Amino acid sequence: MAWKKAIVVRFHSNMVTVQDLETHQRLECYLRGKFKIQKIRPIVGDYVEYSVQENGNYGTIENILPRKNQLFRPTVANIDQVVLVTTLKDPKVDLLIVDKFLVQVEKEKLEVIIVLNKMDLINSQEEKSKLKEFLEIYKPLYPIICTSKITKENIDLLKSVLKGKISTFAGLSGVGKSSLLNLLDPQLNLKVGEISKKLKRGKHTTTYGELLYLDFGGFIVDTPGFANLELESFDKDEIKYYFIEFLKYQPYCTFTDCSHTVEPDCAVKAAVEKGDISLSRYNNYCVIYRELNQ
Ligand SMILES: Nc1nc2c(ncn2[C@@H]2O[C@H](COP(=O)(O)OP(=O)(O)OP(=O)(O)O)[C@@H](O)[C@H]2O)c(=O)[nH]1
Ligand SMILES: [Mg+2]
Ligand SMILES: [Zn+2]
């Protein structure tokens, strides 16, 4: 029988669950022995070719197609975009965490969309000015979608952004990732407000995420929220390349290896003083640089 194409949605011991690209039907598959010999393992998000066994109950993975990219936490292949979900209130997310997250995504050269959730909680003048500040900082840099589980604003816009793509939802615990996904596709029926309790107890979360299929077309990985974000594996000198708005000024710094922190005649610092680069972003860059310089 001819091979068919599918995507790996789940991995467990020595079998994988695949979803056929045409029929969307799921099937448990065995791996050919050659993969073990070649030390190749399919991961969630891999496109594969498979054949169906005679009884029709199981399939066999025949071939793993080349990966476009690979994310390690969670382990997923062929990601089109990362959706960073964040909030200004309950929890109040520090912009340093947002910037650290963006650094990670920029390093992987992935597309990112910022979703600002719990808009229903933004009511007081103080909260509204925080919102204004957030938009002023990030709108020139990344697409932002403001959402709420309560008012359901912009859920259709979010749907259109996810349609036909493989996306991961990332963000601090409690910002509403699972809630938003349930709103997008109620069949997902994800647990809300529970994983964070598990994290507090220090339980390990699975490293192999599951690919969830959205009924309007598209795949999602609902990653468990992280409590904090450390950039331990980064070199202090690479961080400047991941603050994307610095790039066009960098060539005009007097020192070619300028770190934009203490050097004189720094074009990035000049842009901060002129207001062309946000002070918040620049300060967070300096914090990250110093943390890695210790
Ligand atoms: N007011 C308000 N509450 C929300 C909104 N979205 C989610 N919540 C609530 O926030 C809490 C956490 O929501 P979850 O969807 O579990 O958050 P999560 O990001 O998946 O959290 P983890 O799985 O721990 O990473 C729940 O009590 C939700 O009901 C929103 O737009 N507005
Ligand atoms: Mg969740
Ligand atoms: Zn400089």
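Chemist: Give me the lowdown on the coordination of the zinc ion (ligand 3), citing residues and values where you can.
Modeler: The coordination sphere of the zinc ion (ligand 3), as far as protein atoms go, consists of Cys 253 (SG), Cys 258 (SG), His 260 (ND1) and Cys 266 (SG), spread over 2.1 to 2.4 Å. Between the four donor atoms coordinating the zinc ion (ligand 3), the angles at the centre fall across 105 to 114 degrees, so the site counts as tetrahedral. Donor residues for the zinc ion (ligand 3) sit on one chain with the sequence pattern C-x4-C-x1-H-x5-C. Neither Cys 258 nor Cys 266 differs from the other in exposure class; each is buried.

Chemist: Let's hear about the packing of aromatic side chains: which residues, and what values?
Modeler: This model, assessed by the stated rule, comprises 10 aromatic pairs. Judged by centre distance (6.2 Å) and plane angle (85 degrees), the ring pair of Phe 234 and Tyr 242 falls under edge-to-face. Their ring planes at 45 degrees and their centres at 6.5 Å tell us that Phe 246 and Tyr 282 sit as a pair that is tilted. In this pair, Phe 246 sits in the loop between strand 13 (219–222) and helix 7 (267–274) while Tyr 282 sits in helix 8 (residues 279–292), placing the two residues 36 residues apart along the sequence. Taken together, the aromatic side chains of Phe 243, Phe 246, Tyr 282, Tyr 285 and Tyr 289 make up a single cluster linked through ring pairs. Taking the ring centre of Phe 234 as reference, the NZ or CZ of Lys 107 above it sits at 4.7 Å.

Chemist: Go over unusual backbone geometry with me, naming the residues and quoting the values.
Modeler: Cis geometry is adopted by the peptide bond preceding Pro 91, which originates at Asp 90 and carries an omega value of 0 degrees. Within the element layout of this structure, Pro 91 appears in the loop between strand 8 (81–87) and helix 2 (95–107). If you check the backbone angles, His 24 has positive phi at about 65 degrees while not being a glycine. With respect to the helices and strands, the residue His 24 is situated in the loop between strand 2 (15–20) and strand 3 (26–31).

Chemist: Describe the sheet that holds strand 9 (residues 111–117), listing the residues and the values that go with them.
Modeler: In spatial order, the strands read 10-9-8-11-13-12; together these six strands make up an open sheet with mixed pairing. Across the chains shown, the open sheet's two edge strands, defined by having one partner strand only, are strand 10 (144–146) and strand 12 (211–213). Across this sheet, the average inter-strand angle for adjacent strands is 30 degrees, counted without regard to direction. Against the sheet, helix 2 touches strand 8, strand 9 and strand 11 (166–170), its axis set at about 175 degrees to strand 8.

Chemist: Talk me through the pairing of strand 4 (residues 47–52); I want residue IDs and the actual numbers.
Modeler: As defined by bridge partners, strand 1 (residues 4–12) adjoins strand 4 across four bridges and the pair is classed as antiparallel. Paired with Lys 5 across the two strands is Glu 49, which belongs to strand 4. Two strands pair when backbone bridges link them, and strand 4 and strand 5 (residues 58–64) are joined in this way by five bridges, in the antiparallel orientation. Its bridge partner lying in strand 5, Ser 51 is registered against Thr 60. Following strand 4, the chain reverses through five residues before pairing antiparallel with strand 5; Gly 56 in that reversal takes a positive phi of roughly 80 degrees.

Chemist: Residue-level account of the packing of helix 4 (residues 155–162) against helix 5 (residues 177–184), with values.
Modeler: In helix packing, the relevant descriptors are the interaxial angle and the interaxial distance, both defined with respect to the helix axes. Contact geometry of helix 4 with helix 5 gives a least axis separation of 10 Å together with a crossing angle of 85 degrees. Comparing the axis directions of helix 4 and helix 5 gives the class roughly perpendicular. Between helix 4 and helix 5, the contacting residues are Ile 155, Leu 158, Lys 159 and Leu 162 on the first element and Leu 180, Leu 183 and Leu 184 on the second. In the contact of helix 4 with helix 5, the residues fall into six nonpolar, no polar and one charged.

Chemist: I'd like a description of the site of ligand 1, backed by residues and values.
Modeler: In the vicinity of ligand 1 lie 21 residues, with Lys 149, Ser 173, Lys 177, Ser 179 and Gly 193 positioned nearest. Between ligand 1 and the protein, one listed contact pairs an oxygen atom with a side-chain N or O atom of Lys 118 at 3.0 Å. Within the backbone of Gly 193, one N or O atom sits 2.5 Å away from an oxygen atom of ligand 1. Within the complex, the protein chains bury 84% of what would otherwise be the 650 Å² of accessible surface of ligand 1. Elements with a minimum of two residues in the shell around ligand 1: helix 5 and helix 6 (195–200). Sort the elements by how many residues they give to the shell around ligand 1 and helix 5 lands first, with three residues. A breakdown of the residues in the shell around ligand 1 according to their chemical character gives seven nonpolar, 10 polar and four charged.

Chemist: So what's going on with the domain arrangement of the protein chain? Which residues, and what values?
Modeler: Partitioning the protein chain into domains gives domain 1 (4–66), domain 2 (71–222) and domain 3 (236–292). Just the C-alpha atoms count here: the centres of domain 1 and domain 2 sit 29 Å apart. For the domain 1 and domain 2 pair, buried surface summed over both sides reaches about 1,100 Å², with 60% attributable to carbon and sulfur atoms. Run the count over domain 1 and domain 2 and you get two salt bridges. Between Glu 210 and Arg 10 there is a salt bridge, and its shortest N-O distance comes to 4.0 Å. Put simply, domain 1 and domain 2 have four residue pairs in polar contact (both at pLDDT 80 or more) between them. Examining the composition of the side of domain 1 that touches domain 2, we find that four residues originate from one element, strand 1, more than from any other. Of the residues that constitute the side of domain 1 that touches domain 2, the class distribution is seven nonpolar, three polar and four charged.

Criteria and cut-off values
- Residues numbered from 1 in each chain as written.
- Chains lettered and ligands numbered in written order.
- Predicted model: local features only at pLDDT ≥ 70, side-chain atom pairs only at ≥ 80, totals over all residues.
- Heavy atoms only, no water.
- Donors = N, O, S within 2.8 Å, 3.2 Å for Na, K, Ca; no water.
- Tetrahedral: all angles 85-135°; square planar, octahedral: opposite > 155°, others 65-115°.
- Buried < 20%, exposed > 50% of the residue type's maximum accessible area, 1.4 Å probe, protein only.
- Phe/Tyr/Trp six-rings, centres within 6.5 Å; stacked < 30°, edge-to-face > 60°.
- Helix = DSSP H or I, 4+ residues; strand = E, 2+ residues; numbered from the N terminus.
- Lys NZ or Arg CZ within 6 Å of the ring centre and 35° of its normal.
- Pairing = 2+ DSSP bridges.
- Axes fitted to C-alpha atoms, helices over the stretch in contact; angles between N-to-C directions.
- Contact = heavy atoms within 4.5 Å.
- Parallel < 35°, antiparallel > 145°, perpendicular 65-115°, else oblique.
- Nonpolar A, V, L, I, M, F, W, Y, C, P; charged D, E, K, R; others polar.
- Near = heavy atom within 4 Å.
- Polar contact = N/O pair within 3.5 Å; in protein donor to acceptor, adjacent residues only side chain to side chain.
- Areas by Shrake-Rupley, 256 points an atom, 1.4 Å probe, with all protein chains shown as cover.
- Domains from an automatic or database assignment.
- Buried area = accessible area lost by both parts, 1.4 Å probe.
- Salt bridge = Lys/Arg side-chain N within 4 Å of Asp/Glu carboxyl O.

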